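Geometric and topological summary
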Amino acid sequence: MLKSKTFVKKTRSGGVMKIVREHYLRDDIWCGSEACSGCKQESTVLQTDACMESSLCSYPHYLVPDTNVVLHQIDVLEDPVIRNVIILQTVLQEVRHRSAPVYKRLKDVLHEKEKHFYTFTNEHHRETFIDREPGESANDRNDRAIRVAAKWYSQHLKTFECDKDGLKVVLLTNDQGNKQKAEESGLLVYKCEEYIKSLIANPELVDRLALSNDDKNEIGSSKVLFPEHLPLSRIQAGIKCGSFLQGTFRASRDNYLEATVFVQGEGDDSTEVLLQGLQNLNRAVHQDVVAVQLLPRSQWVAPSSVVLQDEGAAKDDDVEEEEEEKAVSWVLDQGETQSARKPTGKVVGIIKRNWRPFCGMLNVSQIKESTRHLFTPADRRVPRIRIETRQASTLAGHRIMVAIDGWPKDSRYPNGHFVRSLGSAGEKDTEQEVLLLEHDVPHQAFSQAVLSFLPKMPWAITPEDMVRREDLRHLSVCSVDPPGCTDIDDALHCRELENGNLEVGVHIADVSHFIRPSNALDKEAASRGTTVYLCGKRIDMVPELLSSNLCSLRSNVERFAFSCIWEMNHKAEVLKTRFTKSAINSKASLTYAEAQMRIDDTNMNDEITKSLRGLNKLAKTLKRQRIDKGALTLSSLEVRFHMDSETHDPIDLQTKELMETNSMVEEFMLLANISVAQKIYDEFSECALLRKHPAPPPSNYDILLKAAKSKDVEIHTDSAKALADSLDGAKVDGFPYFNTLLRILATRCMMQAVYFCSGMDSDFHHYGLASPIYTHFTSPIRRYADIIVHRLLAVAIGADSTYPDLMDKHKQSALCNNLNYRHKMSQYAQRASVAFHTQLFFKSRGILNEEGYVLFVRKNAIIVLIPKFGLEGTVFFDTKGKTVPNLVFDEEGPTLSVEQHIFCIFDKVKVTITLDDSNVQHQKIRMSLIEPVITGVSVPAPDAEPQAKKLKLDN
Amino acid sequence: MNSVAALCLNIPDIKRCIQTEEDRTVTVRTLLLLSLWSCRSSSPGGAFGYVHSAADTWGVALAVRLPFIRSLRKNMAGLELLSDQGYRLDGRKAAELRKVQARMGVFAQADGSAYLEQGNTKALAVVYGPHEIRGSRSRALHDRAVINCQYSMATFSTAERKRRPHGDRKSTEMSLHLKQTFEAAVMTQLYPRSQIDIYVKILQSDGGNYSVCVNAATLAVIDAGIPMRDYVCACTVGFVDETPLADLCYAEESGGVSSLALALLPRGGQIALLQMDARLHQDHLEALIEAAMTACKGVSKVLDEVVRQHLQEVSSLTGE
């Protein structure tokens, strides 16, 4: 093995330092081709018959893309059609430097066996390494390195190919100069576009091509629409001296000409800068990090309250512009009349783009033959994107994904390319897909690698398994869950001991027995973080074999469990706590209603019922103790859909009912979680995974206090206990629903509970549960946090051993961040799914008249809650095309007087509910007022009869 | 000789004396083996004579606190230390050493001297002695020689020129480690009441200073004609992506790798010194020590060649 040395000198900015590093060149780096007889490689990646049918290259060939091709055309490279590609180390390193997301995607592609992508370590190969020549820029040197490597490959293959079928290497580059030089040195070289267009079998790939710089020039007119962005160096200088501000760009949902930039100051001091007009927005897209410059105070404006949607079809840019100018001036006029002006500014540069593929729909161009179309994203905050496609007619009416490639200064819209189609709009599957993608929920089927770590079926408990487990199969354990639940992760038992005390056991599915640390299954579960429950669909965190079978504590089968067993006296005081891995055999899996029935039915006296009664009694005591300590009972309305068994369309909507047994199970889960949290924290003070719920800042309560005051009820928010007590005492005669409404409002004031690693934080308090320490232990099938807690607890009781990542608090902390993110997104996805099904429901029901309560009062609208459906909707008073009634908004109340009527929070109103499907992209529920009757505002109650008819038809 | 037997520490023995924390991560601060003397007088402590000798160095290394290591980890998050293809920053594979080049007898005035390059780390070692005790006579030992080590770094040895005062904590610690390494290897009992001086200077530093010093000093001691049990070879190993990397360069050392330094008497596989200042999970320790031992054996082959070549040159010069 030859080792030779060259010195690579590097200087770093900020105190120039000379760094000398060794650079070894080797001659044992193989070419990775199956056809090669010269290399002594053990495994090959590149195939001999590398056939991608192309009209340009009729011979088998390997592709060598340069850095820019990889960076911009990763969508194309990811396509299964593209195979046998050589990624040079130079390219890989440059990509790593320039774009982390692309690097990640490239790595994923490299790992995929079927893609036959090979990484050639050209920088360390004796024959392909080149030194930087004097006067040569780093980029030029890298381009040359790529050419040298490509040259080497073609010669190497010519020399060593065994069966001489003319395997060649094709360099892909979009750089004119590079291409020319490559041609001079006798290489086969094509532009990426040329090559992709020449692929015979796959014309649709062309749509995925990102537009390169030259193409953009063709599209946009030569007229410059936007001011130039400043270079990063000037932006940084500007931020340093305070003339620019850095912040996150947030486009307005309602007005496409308006946005705010959220500038994070030191501490809590953060400001918002208002941006108005296309010029000032200057091509920033929602969520980008931008630099803004404040305008002089005289040009400050107030945010407009106008709803403006960018709705023009793909007209000529000029025409549109004129219209816009009108719109802007109108907005500005509005602003002048109001006194509430805000700091206003303009975008001078983009610090970091945060583009991702967007879901949305295509607006097909009116010109039939045109290949350029506008794409409207589902998220209204994202501007429309111009894409080029030949399949417009097939894509119309479909939900598609589009990625932005760039936004040149002479183009009204950003340019993008088509990524993939999700299916036709309005269909349940498509909408679900959109919902999952928009909320970043990983929902692909589990890969073979993941499934390979599942236990082999048929599975049974072996004697070896029982060595470290306690045999609790004789106990009469039962589980209580919602109806239709197949992933049962908890079961309970309670029995009287000889000394008169009670033994209570909580048995949790032993998922960590099946999911071993750091294998593919574990990594997948950690990345998914949580199971997502949508209406009628569950996106599992672990494969179904585990979630619904081997881990699920179903009745009358033997299952592994992690048990937490207490000895309690009849006052529900815990005398002893014990944790053990065990084997159980659940005697019954009940629903909440069934369990309730057993408890109430005095004729039943079997062991399970007795056990349930004991549990119920203890739970009540526990709950009282907890509430005395200041735990909050909050309320939010949750709805259940009754689904049609065949079409899976929602038939009926019902708010979830809470029974005693619900709270019985909950109490013991809380107790188990707290006991476990204490145990793992005692054992691992640095790396215990815990959950905290921070106390909300006092200002959060403003809306609650005001609302309560309007009904002459005093709410104290000094502490959780005071809040809980005053919520309990809040009652208004003749208004039984008042208390629930108040609790709903209180829920909205709360902060989000989060996972964290005990070594990284000092505040452990859980505000809502009034517990000094808390964690999640009881649902390992559907939450990854619980699996980690199981592993920690297993180590703590000596049932398992640790592994490195478990003890690393930085890795734990990173894991917590992912779990928190996934948890939040899964909640959003759940809500969005409920909203979609609500729409489906109202679509099938036609028009409905319902009673509701005013939940919030806004300047031009009231928000109404309909308890029957748990549905919230907005009643606008200034709908387009109608005369606006006389509106007076009082901030203090808050109240809104419309003509003569005054609306306060908690007022009872009657509304009619319809589905507004004028916009396919954003269907929504529309509510309009029936009672109280206000002339010019309320609508006459529609006849209820057509609805009854419709129902009959449906049935 | 029973002392040699006592020196034979195998991995299970080491594990027993490493402090294991409750979460099964270990921090081997400095574990060293015993000079000959402490082995011989090991009658009460039996095979565990080294425990007390290790104990006094715990204190020294404890000063290297964990936050320091953490700050390093943050510093250089940008480097990919081991690529998917299995190549390191400088193109080596995980188990490959840097190029080792050495010359013996570079100075005429000293009793023994050697110059050794391990990649870009370059060291000069000089040995005087054995000679009678200089300075206070009370330091003399009646049954063996005293070994006196001094480690220093040249002002021009790093990218930034820096004055390095004598006797700062880092070099004192390094001197101490060198001393203890050579007490285990040199047959000091042959020279009672005398002294052997070993001076090592780092001329250019690029990671693995301790190991390069040990390797250079070994050659110098051999050049001085002082009998040793075996070559002492040292090597650092780091742990990245579940893979041990042999012979770390500076970029790797500062890239937040938990590294371990090991000095070995290769023929018998005895460990003369083991040092690690980072936290590591116990499961990985064995693999890491294995890799370090393999690397040390690689170094010993090179040193052996250098010695043989040197002998040939010297003997041809003297006409034999």
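Preceding this section is the structure that the text describes.
Given the structure is predicted, the values throughout are model-derived calculations rather than measurements.

Here's the deal with the overall build of chain A
What chain A contains, in helices and strands, is 28 helices and 37 strands. Put simply, chain A has 955 residues, and 52% of those count as buried. Looking at chain A alone, contacts between residues at least 24 apart form 67% of all its contacts between residues at least 6 apart. Of the roughly 44,900 Å² of accessible surface on chain A, 50% is carried by carbon and sulfur atoms.

A closer look at the sheet that holds strand β10 (residues 271-276) of chain A
Strand pairing in a sheet takes place through backbone hydrogen bonds and is either antiparallel or parallel in direction. Residue and element names in this part refer to chain A. Strand order in the closed barrel formed by five strands is β8-β9-β10-β12-β11, and the pairing between neighbours is mixed. When strand polarity is set aside, the average angle formed by the axes of neighbouring strands in this sheet is 50°. One ladder, built from four bridges, connects strand β8 (residues 244-251) with strand β9 (residues 258-263); its direction is antiparallel. Bridge pairing in β9 places A251 opposite A259.

Overview of the sheet that holds strand β3 (residues 100-104) of chain B
Residue and element names in this part refer to chain B. In space, the five strands of this open sheet follow the order β3-β4-β5-β7-β6, with mixed pairing throughout. Both edges of this open sheet fall to β3 and β6 (146-153), since each of them pairs with a single strand only. Each strand of the sheet is rotated relative to its neighbour by a mean of 15°, with strand direction disregarded. Inspection of the sheet shows strand β5 (residues 121-132) paired to strand β7 (residues 194-204) by nine bridges, in the antiparallel sense. Across the sheet, the residue bridging to L124 is K201, located in β7. Lying on the sheet, helix α6 (residues 169-185) is in contact with β6 and β7; it crosses β6 at an angle near 140°. Contacting β3 and β4 (112-118), helix α9 (residues 282-317) runs over the sheet at an angle of about 35° to β3.

So, the nonpolar core
In terms of nonpolar packing, the biggest core is built from 91 residues, with L546(A), W566(A), L612(A), M664(A), F668(A), F777(A) and Y784(A) touching the most fellow members. Within the second largest apolar cluster, 66 residues are counted, among which are Y210(B), V221(B), C235(B) and L274(B).

Observations regarding helix α7 (residues 209-224) of chain B
All names here are of chain B. An ideal rise of 1.5 Å per residue puts 22 Å on 16 residues; α7 measures up with 22 Å between its terminal C-alpha atoms. Counting buried positions along α7 yields 14 of 16 residues, so the element is predominantly enclosed. The positive-phi residue at the C-terminal boundary of α7 is G225, with phi of around 75°.

A look at the pattern of salt bridges
The full count for this structure, using the stated rule, is 50 salt bridges over all chains. Of the charged contacts in the structure, one is a salt bridge between D27(A) and R126(A), with a shortest N-O distance of 3.6 Å. Of the two residues, D27(A) sits in the loop between β2 (19-25) and β3 (61-65) while R126(A) sits in the loop between β5 (117-120) and α5 (138-160), which places them 99 residues apart along the sequence. Given a relative accessible area of 32%, D27(A) falls into the partly exposed group. The shortest N-O distance in the salt bridge between D487(A) and R538(A) comes to 3.6 Å. Of this pair, D487(A) sits in the loop between β19 (477-481) and β20 (490-496) while R538(A) is found in strand β23 (residues 537-539), placing the two residues 51 residues apart along the sequence. Beyond isolated ion pairs, a larger network of salt bridges with shared partners links R26(A), D28(A), K93(B) and E96(B).

Comments concerning helix α4 (residues 100-111) of chain A
Residues and elements named next belong to chain A. Between the first and last C-alpha of α4 there are 17 Å, a value that for twelve residues agrees with the 16 Å anticipated at 1.5 Å per step. Residues of α4 that are buried: V102, Y103, L106, K107, V109 and L110. The buried residues of α4 occupy an angular sector of 160° when the element is viewed end-on, so they sit on one face. In α4, those exposed residues whose orientation departs by more than 90 degrees from the buried face are A100, P101 and H111.

The rules behind each value
- Residues numbered from 1 in each chain as written.
- Chains lettered and ligands numbered in written order.
- Predicted model: local features only at pLDDT ≥ 70, side-chain atom pairs only at ≥ 80, totals over all residues.
- Heavy atoms only, no water.
- Helix = DSSP H or I, 4+ residues; strand = E, 2+ residues; numbered from the N terminus.
- Buried < 20%, exposed > 50% of the residue type's maximum accessible area, 1.4 Å probe, protein only.
- Contact = heavy atoms within 4.5 Å.
- Areas by Shrake-Rupley, 256 points an atom, 1.4 Å probe, with all protein chains shown as cover.
- Pairing = 2+ DSSP bridges.
- Axes fitted to C-alpha atoms, helices over the stretch in contact; angles between N-to-C directions.
- Core = buried A, V, L, I, M, F, W, Y, C linked by side-chain atoms within 4.5 Å.
- Expected span 1.5 Å × (residues − 1).
- Salt bridge = Lys/Arg side-chain N within 4 Å of Asp/Glu carboxyl O.
- Arc of directions from axis to C-beta.

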